[in-house]
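Spelled out, the chains give:
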Amino acid sequence: MVNNRLVGCCSSKGTREREWSEKPWKQTLSLLLDEPGTAVEVDSSLYAALLRHCGNSRSLLEGRRIHAHMSGSGHLRNRYLKNLLLQMYAKCGAVQDATDLFAKFSQPDVFSWTFIIAAHAHTHAHYHDHGTTASQLFQQMQQQGELPNNHTLVYILSVCANHMLLPLGKLIHALVVGGRDHMSNLMVLSSLINMYGKCRCLFDALQLFNGMPDTSVVSWNVLISAFLQDGHGEKALGLFQQMKEEGCIPTRVTFLEILEACTMVSSLADGKQIHSIILSSGLLSSEVTLGNSIINMYAKCGDLKNAFTVFDMMLERNVTTWNTIISVCNHRNCIKDCLQLFQQMQLECVMLNELTYIIILSVCNSSSALLTGREMHARLVSSGFERNIAIGTSLISMYNSCSDLKSARAVFDAIPAHNVISWNALITACVHQGETKLAYEIFLEMQQKGFKPDRVTIINILDAFTGDAAISEGEHLHCEVVESGWESDLAIATALIDMYGKCSKIDDALRIFELMPERNIVSWTAMIT
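All figures in this text were calculated on a predicted structure; none of them were measured in a lab.

## Points about the confidence of the model for the protein
Looking at the protein as a whole, the pLDDT averages 87, with 90% of positions reaching at least 70. Confidence over residues 7-22 falls short of pLDDT 50; this stretch has 18 contacts with residues more than four positions distant or in other chains. Across residues 36-40, confidence stays below pLDDT 50; counting only partners more than four residues off in sequence or on other chains, it has five contacts.

## Side note on the state of the cysteines
Tallied over the full model, the rule gives zero disulfides. In this structure C199 is not part of a disulfide, and its nearest cysteine sulfur, from C201, lies 5.9 Å away. Overall, the relative accessible area of 9% leaves C199 in the buried class. The closest cysteine sulfur to the non-disulfide-bonded C248 is located on C262, 18 Å from its own sulfur. A relative accessible area of 17% places C248 in the buried class.

## Re the packing of aromatic side chains
Tallying each qualifying case throughout the model produces eleven aromatic pairs. Residues F209 and W220 carry aromatic rings whose centres are separated by 4.7 Å and whose planes lie at 70 degrees to one another, so their mutual orientation is edge-to-face. Highlighted residues: F209 in helix α14 (residues 202-210) and W220 in helix α15 (residues 217-229), separated in sequence by eleven residues. Here the guanidinium or amino end of K82 rests over the ring plane of F105, the centre of that ring lying 4.6 Å away. Positioned over the ring face of F227 is K235, at 5.7 Å from the centre of the ring.

What counts and how
- Residues numbered from 1 in each chain as written.
- Predicted model: local features only at pLDDT ≥ 70, side-chain atom pairs only at ≥ 80, totals over all residues.
- Heavy atoms only, no water.
- pLDDT = per-residue confidence, 0-100.
- Contact = heavy atoms within 4.5 Å.
- Disulfide = S-S within 2.5 Å.
- Buried < 20%, exposed > 50% of the residue type's maximum accessible area, 1.4 Å probe, protein only.
- Phe/Tyr/Trp six-rings, centres within 6.5 Å; stacked < 30°, edge-to-face > 60°.
- Helix = DSSP H or I, 4+ residues; strand = E, 2+ residues; numbered from the N terminus.
- Lys NZ or Arg CZ within 6 Å of the ring centre and 35° of its normal.

In structure tokens:
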């Protein structure tokens, strides 16, 4: 019997879970699903173990097969298993599967509601539709008289944080205050702090933190992150100091955040102190991401020597490590060092990623490195990466910097699907190479194909208008700028002044200059010249 062969060896839940991870679970699944006549012999515990494993390993296809098997065996009448199935779909990011299954619940319980909310909370957190649906589900749950548990609150608060749903977040806060169990749960309170932080209500976040009966490293991390995301690096450093004084031991997440704070405020002294603490903690030997962040911190604080020292001392380096150190050299305009590091990276058989190619192509933005750029281009063509829009755009920029408009256009034409950034890159290349008429033609083509110009497009194309012959196009574009509400944009207004000046329309340039709400040295220079 399948039941005896697959489950009977495990006498307790703990033993089953320990042994399950050691079993060839796909073989187990195959025996369950492919062996004839086994449906009636499978009990709930095996289904539960399989569903948990599918969820934890994000094995959606296998999860769907188990779902089909459960339908045939009649186990979908078991609410416990049905909830586990819903949880599996949520963990796998299969929102539609989860939604379809949830619709078949006649009386969803708190676990059912929590898992369907989690499905929308976890999937595409930046998509507004999922945030709206999750908030609607939470409201329906309350309307049906089902009280949320701590897990429900954590998920819905993450939705409020990611979509800046402050009014709903405040309602949930009131709900938390009204429930004793919620007010003592550190994860719920930390989620509230995170929500207020993401909604840029730092006073509320700090007030809530200060009122917590107990704090944990998670709540400290969330509070530090809130101030960091709002650009308050100094405050984040102060909180880290307070955290140490209160005896809370920092984690890897804490160090990553506080290194970013050091970078934000360019505090080399604090950065060195944090580096020393990390060394004492022993985390650096096993955490590559910390090493990468330390390299980045030293580089951004202007200490290239220490950046290289950390790089050389790292026992393990990944592609991000190499990308970071090459970027450091590139920002310092050390082209030779960049290319040598790139060569060393290849000798050590490090797998290049999209960012590596983009960084190296930016290194090749000079005629002296054009040969290396062409070699890189040939490699990208052979590997199929040339059709990647981000890499293709970087190639266009590289050829523009090397005054090779023909190659830039060929790369653009090879990209199967464009975005505004790739169009901008080609327009910029045409303008820089003096092909202003071609730049305007491409600008019109861009609009004809349904791409809406952004401020970068407008600034670049305005630079293409020179002389009396171009004034009608320039005036037409000025009307588009006004209609789009961009006339108050400092950079666009300056570009308009420059355009009218080059077309000998000084009165129009002066009118725009006088209407500008603010001016900088660039706008003054454009007006004077």
